[in-house]
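Spelled out, the chains give:
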Amino acid sequence: MNILLISGSTRKGSLNKSLLEAAAEEAHNLKYSITTLPDELASFPLYHAEIEGDAANQKQLTSLRQHIDAADVILISSPEYNGFHSPHLHNVFTWASRKEAGKTTSVLEGKVVGLLGAAPGPFGGVRMLPRLSSFAGDHGCWVHPRYVAVGNMGSRLNDAGQLTCDETRQKLRNLIGETCRMAEPVQQLEPA
Ligand SMILES: Cc1cc2nc3c(=O)[nH]c(=O)nc-3n(C[C@H](O)[C@H](O)[C@H](O)COP(=O)(O)O)c2cc1C
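These remarks concern the structure in this document. (Residues numbered from 1 in each chain as written. Predicted model: local features only at pLDDT ≥ 70, side-chain atom pairs only at ≥ 80, totals over all residues.)

This part is about the pairing of strand β3 (residues 73–77). Extensive coverage of β3 is indicated by the burial of 5 of its 5 residues. Relative to β3, strand β1 (residues 2–7) runs parallel, the two being bridged by 5 bridges. Following the sheet pairing, L5 is matched in β3 by L75. Sheet topology note: the β3/strand β4 (residues 112–118) ladder contains 5 bridges and is parallel. (Buried ≥ 20, exposed ≤ 12 C-beta atoms within 10 Å, placed from the backbone. Helix = DSSP H or I, 4+ residues; strand = E, 2+ residues; numbered from the N terminus. Pairing = 2+ DSSP bridges.)

All right, on to unusual backbone geometry then. One non-glycine residue, K31, adopts positive backbone phi at about 75 degrees. Topologically, K31 is positioned in the loop between α1 (15–29) and β2 (33–36). For K31, a count of 7 C-beta atoms within 10 Å gives the class exposed. Here the phi dihedral of N152 falls at roughly 50 degrees; this positive angle occurs in a residue that is not glycine.

What follows concerns the sheet that holds β1. Read across the open sheet, the 5 strands follow the order β2-β1-β3-β4-β5; overall the sheet is parallel. Since the sheet does not close on itself, it has two edges, and those belong to β2 and β5 (142–150), each with one partner. Neighbour-to-neighbour, the strand axes of the sheet open up by a mean angle of 20 degrees, direction not taken into account. In this sheet, β5 lies alongside β4 in parallel orientation, the contact comprising 6 bridges. Considered in β5, the bridge of V112 is made with W142. In the packing of helix α6 (residues 128–138) onto the sheet, the strands contacted are β4 and β5, and the crossing angle to β4 comes to about 155 degrees. (Axes fitted to C-alpha atoms, helices over the stretch in contact; angles between N-to-C directions. Contact = placed C-beta atoms within 7 Å.)

Following this line, the structure appears as structure tokens:
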């Protein structure tokens, strides 16, 4: 089972990156294989049709598609901005939603997804997560119905930005295990 980690923030010192790093450690302990989508690969220019065909963007899109295609499960952790997922994450989805020539579906279709959110405030992105679930579902993803929303994230990290909160780590293990189990039957489905 291959898990792809996507952060909705490319910020240095991002709380969501810290949460995904802890998720990667827990997934590794559960014997899953993990790939993190590199920041530079997720950092597309803001999508519009006139730049879609540019060679550099197409090269980047091919690489993004390869990462998504190779994943059985995608774990996404996004900041909440005014109740919604980040503009950065929205842009990644928009690019990934573009179908490769000759394909009838985008690479996102049928992907099993688990959702996380981390915030410095108390709620951890609880307004954003159901909206992100609906958004990912609209792209053809199968989204695990439970989320991990981590509020007061700063207080759960040590000086090196590592998650020290056992309760949060347990929630990560639960979500990772359940989402990977959800992906098992999907792996066996014939493509539509
Ligand atoms: C424009 C803006 C809107 C924000 N809206 C919310 C919000 O609705 N809920 C929330 O919990 N935090 C909100 N925040 C705070 C972010 O959660 C915080 O900046 C977080 O650290 C960003 O994620 P990152 O650390 O992974 O980059 C907002 C921040 C900005 C700049």
